[in-house]
Amino acid sequence: MLHLLDYPFDSQTIMKKRRGLKRELLSFGGNFLDKKVAILGGSTTKDITEILELFLLKNNIKPAFYESEFGQYWEDAIFDNPILEEFSPDLFYIHTSNRNLQHYPSPSSSKKEIDQSLSNEFTRYEKMWDSLRKKYGCLVIQNNFELPFFRILGNLDSVDFRGRTNYILKLNSMFATYAENNADLIINDINYLSASFGLQKWSAPQDWYLYKYSLAISAIPFLSFSVANLIKAVYGKNKKALILDLDNTLWEGVIGDDGPEGIEIGEETSLGQAYREFQSYIKMHKDIGILLAINSKNDLENAVSGLTHPDGLLRPEDFQVIKANWNNKDANIREIAQELNLGADSFVFVDDNIVERDIVKKGTQGVAVPEIVTVESYITTIDKAGYFEIIELSKEDIVRNQMYKVNVERKTAQKEFFDYTEYLLSLEMIADIKTFESIYVSRIAQLTNKTNQFNLTTKRFSQSEIELIMADDLTIKISGRLRDKFGDNGVTSLVIGTIEDTIMNIELWLMSCRVLKRNMEFAMMDALVEEALEKGIKTIKGYYIKTAKNQMVKEFYGSMGFKLIGQEGENTIWQLELEAYQSLNKVIQVNV
Amino acid sequence: MQREEILKQVTDIFRDTFDDQELIVGDKTNAIDIPEWDSLIQIELICAHEAHFGFKFGMREILGMKNVGEMIDIIQDRVNL
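In this text the structure is predicted, and so the values were computed from the model without any measurement.

**Examining the overall build of chain A**
When you go through chain A residue by residue, the secondary structure sums to 23 helices and 17 strands. Projected onto the principal axes, the alpha-carbon positions of chain A cover approximately 100 × 50 × 45 Å. Every one of the 592 residues in chain A was classed for burial, and the buried ones make up 41%. The contacts in chain A between residues at least 6 apart in sequence include a share of 71% that link residues at least 24 apart.

Structural data, given as structure tokens:
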């Protein structure tokens, strides 16, 4: 149920399930940081506080709250308050809004009057902040002001000094200047929040008239989320690094198969532009001191070839660590954590592949894994989650501190603490392994032409050549289609063997990178052997023909139980006697 | 939707909101009957019903409802539209 609190969230569901969520969050019994938060409201704060509590608990902060009596924010700050003093807050959140403005301008006001009003309005807050500083000396989170939900002056409302919009924009600017000069005041930018949410929806006057909420009740989770993000930043719980996949995350396409010429990145195509802007967005995080790392299932040289694409923006040197290998991604993350000397809970893992995201979620602790869907929404999904809520930006700190910060827990290398076989079983994989069918001829030919990495002989076939093979009785030709609980990967593996007496020679064995490390090759092997035995075959010979791209399958036949029987340069020949063959696949349900 | 069915769903919402699965709710039920029912939890109740039945009450309706029965009258009207 806790996923309900991940951005993007459903307001109504969170509001409805708040008590259950709180119970679940508290049941973790983990080490919470206890903090006392004083909420001074200029309007109703009850639901805001309750939902804020959920988001704080999710960040391992256990709050105790003080809430001012209705609307008494100013009084609580200015006058002596024994209850508040005894509460002794760690920080304040001042929840005010444009409903609390006292001196709105009107079209008939003079410039002098309005300047005076602005000054009075601002001074009121300044006095409040000074008083809080003197009495309590702790951090204050302060809302700025949202824009009005009507404009008497229409478009002039923001331009003319007599407009309410103009007034609020000036006031917000004064708040910003104050915050810039005072490190103990942090602005919660509800001007931006309300715009992002939709000012019309946010303003919901009926919720003010009925309940004295200064914003739509449905907007409350977004407000509370923002405040929680700031508080978590204050207590050092910001994420510190972005760990990124490559294929279809930083470019469109699979670099190992498509090569740098085949992936889309750059101004030439629409998708290329989308990925380029995403690369630009990611690269900007370096400027705020966030570390970048790569976690990709690719050979290192392929990974680098993608990152040196002339039209891309991210370069290999932008990354602290590049893990480009065929290991499980959660294991890679544990290694990255060690190498960067950071806890895994400092990471945000960005991968378009739902299965990889799942493995990382299950195999690591505390890694944030945004559910990115399509490239056009990568930026907003990551941005709105507020992982890197920077509350202070200083030049000196950025580069050096972020690189060598010691203020982190050192985690010792964890063994794979979850069972990978059990994990594969939980994927509920189903493979349809059959002899080549006419409906797949085009796909089969396509696969032989574009699969380069997991490809033992890299033999290319045209559609008509495939059809010839299908008609030839002295061949065994099987295709494998893999589905799992997340979806259907389609036809992703092919094996073609030619028969000579009681020997079968494997002419082709390939598999799409999409389904690596799922034991699909075991399932294909079992099916191949079964059909071979039916045809009276006693021996299978496998051939590895080395290319620039298929390094990963150099020892494949060895891992399938074949014996090395010959070598020609870097090409190898392997042999398997079928007599003693024992099935390998234990995790995929196979339909033949 | 039949009135009975609406009352059943309303009861579920009340039970979730007050975190009391034994709560009994009828046409005459109002704030006096449930000690925890104050103006603040009322907001939660209204919102939960709006979310569940998929419509928003008008201000006058909210201000005018005297008991659960009157709320169900409105719901019945709106979901049968």
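**Observations concerning the confidence of the model for chain B**
On average, chain B scores 91 in pLDDT, and the residues at 70 or more come to 99%. For this predicted complex, the interface score ipTM comes out at 0.79, while the overall pTM is 0.77.

**Remarks on the environment of Gln142 of chain A**
Residue and element names in this part refer to chain A. By the element assignment, Gln142 lies in strand E4 (residues 139-143). What makes Gln142 buried here is the crowd of 21 C-beta atoms within 10 Å. With 48 residues separating them in the primary sequence, Gln142 and Ile94 have C-alpha atoms 4.9 Å apart. Excluding anything up to four places from it in sequence, Gln142 contacts Ile94, Leu185, Ile187 and Asn188.

**Points about the interface of chain B and chain A**
Taken together, the contacts link nine residues of chain B with 10 residues of chain A. Mapped by element, the contributors of at least two residues to the side of chain B that touches chain A are helix H2 (39-53) and helix H3 (59-64) of chain B. Looking at the side of chain B that touches chain A element by element, the count peaks at five residues for H2 of chain B. Residue composition of the side of chain B that touches chain A, by class: seven nonpolar, no polar and two charged.

**Structural notes on the sheet that holds strand E6 (residues 241-244) of chain A**
Note on sheets: strands pair through backbone hydrogen bonds, and any given pair is parallel or antiparallel. All names here are of chain A. Spatially, four strands are ordered E8-E7-E6-E9 in an open sheet, and the strand pairing comes out parallel. Two strands in the sheet have a free side with no partner beyond their single neighbour: strand E8 (321-325) and strand E9 (347-350). On average, each strand axis in the sheet is tilted by 15° relative to the strand beside it, whichever way the strands run.

**Observations regarding the sheet that holds strand E16 (residues 571-577) of chain A**
Residue and element names in this part refer to chain A. Ordered by their spatial adjacency, eight strands build an open sheet running E15-E16-E14-E13-E12-E11-E10-E17, and the pairing between neighbours is mixed. Each having just a single partner strand, strand E15 (563-568) and strand E17 (589-591) make up the two edges of the open sheet. Between one strand axis and the next, the sheet turns by 25° as a mean value, whatever way the strands run. Relative to strand E12 (residues 487-500), strand E11 (residues 475-484) runs antiparallel, the two sharing nine bridges. In the sheet register, Lys477 faces E12, and the bridge partner there is Ile496. On the sheet, helix H22 (residues 520-534) packs against strand E10 (430-435), E11, E12, strand E13 (503-511), strand E14 (539-544) and E17 and is oriented at approximately 145° with respect to E11.

**Some remarks on helix H13 (residues 270-287) of chain A**
Residues and elements named next belong to chain A. Along its 18 residues, H13 runs 27 Å from first to last C-alpha, staying within 8% of the 26 Å computed at 1.5 Å per residue. Those residues of H13 not exposed but buried are Gly272, Ala274, Tyr275, Arg276, Phe278, Gln279 and Ile282. Where H13 is buried, its residues contact E6, strand E7 (291-297) and helix H17 (378-384). Directly beyond the C-terminal end of H13, a positive phi value near 85° is found at Gly289.

**Here's the deal with the packing of helix H1 (residues 3-18) of chain B against helix H4 (residues 68-79) of chain B**
Residues and elements named next belong to chain B. The geometry of H1 relative to H4 is characterised by a closest axis approach of 10 Å and an angle of 120° between their N-to-C directions. In the packing of H1 onto H4, the handedness of the crossing is right-handed. Where H1 abuts H4, its residues Arg3, Ile6, Leu7 and Val10 lie against Val68, Ile72, Ile75 and Gln76. Looking at the contact of H1 with H4 residue by residue, the classes come out as six nonpolar, one polar and one charged.

**Notes on the pairing of E13 of chain A**
All names here are of chain A. Judged from the eight bridges that link them, E12 and E13 form a sheet pairing that is antiparallel. Within E13, the residue paired with Leu494 across the bridge is Leu510. Where E12 hands over to E13, the hairpin turn is made up of two residues, of which Asp501 adopts a positive phi near 65°. Taken together, the four bridges between E13 and E14 define a ladder with parallel strand orientation. Looking across to E14, one finds that Asn505 is bridged to Lys541. Chirality of the crossover, the property in question, places the unit of E13, H22 and E14 among those that are right-handed.

**Side note on the nonpolar core**
Residues and elements named next belong to chain A. Counting 87 residues, the largest nonpolar core has Ala241, Ile243 and Ile333 as its most contacted members. Broken down by element, the residue count for this core peaks at eight residues, all from H22. Each of two domains, domain 2 (241-418) and domain 3 (426-591), supplies a minimum of three residues to this core. With residues near it in sequence (within four places) discarded, Ile333 still touches Ile243, Asn295, Ala344, Phe347, Phe349, Val360, Thr364 and Val367. Ranked by size, the runner-up nonpolar core spans 59 residues in total, among them Leu5, Leu52, Tyr73 and Leu171.

**Comments concerning the domain arrangement of chain A**
Residues and elements named next belong to chain A. When its domains are assigned, chain A resolves into domain 1 (2-234), domain 2 (241-418) and domain 3 (426-591). Domain 1 and domain 2 are separated by 33 Å when their C-alpha centres are compared. Each partner contributes to the interface: domain 1 provides seven residues, whereas domain 2 provides six residues. No other element matches the four residues that helix H11 (residues 220-234) contributes to the side of domain 1 that touches domain 2. Taken together, the residues that form the side of domain 1 that touches domain 2 break down as six nonpolar, one polar and no charged.

What counts and what doesn't
- Residues numbered from 1 in each chain as written.
- Chains lettered and ligands numbered in written order.
- Predicted model: local features only at pLDDT ≥ 70, side-chain atom pairs only at ≥ 80, totals over all residues.
- Helix = DSSP H or I, 4+ residues; strand = E, 2+ residues; numbered from the N terminus.
- Buried ≥ 20, exposed ≤ 12 C-beta atoms within 10 Å, placed from the backbone.
- Contact = placed C-beta atoms within 7 Å.
- pLDDT = per-residue confidence, 0-100.
- Nonpolar A, V, L, I, M, F, W, Y, C, P; charged D, E, K, R; others polar.
- Pairing = 2+ DSSP bridges.
- Axes fitted to C-alpha atoms, helices over the stretch in contact; angles between N-to-C directions.
- Expected span 1.5 Å × (residues − 1).
- Left-handed = near helix turned anticlockwise from the far one by under 90°.
- Right-handed = clockwise from strand over helix to strand, strands pointing away.
- Core = buried A, V, L, I, M, F, W, Y, C linked by C-beta atoms within 7 Å.
- Domains from an automatic or database assignment.

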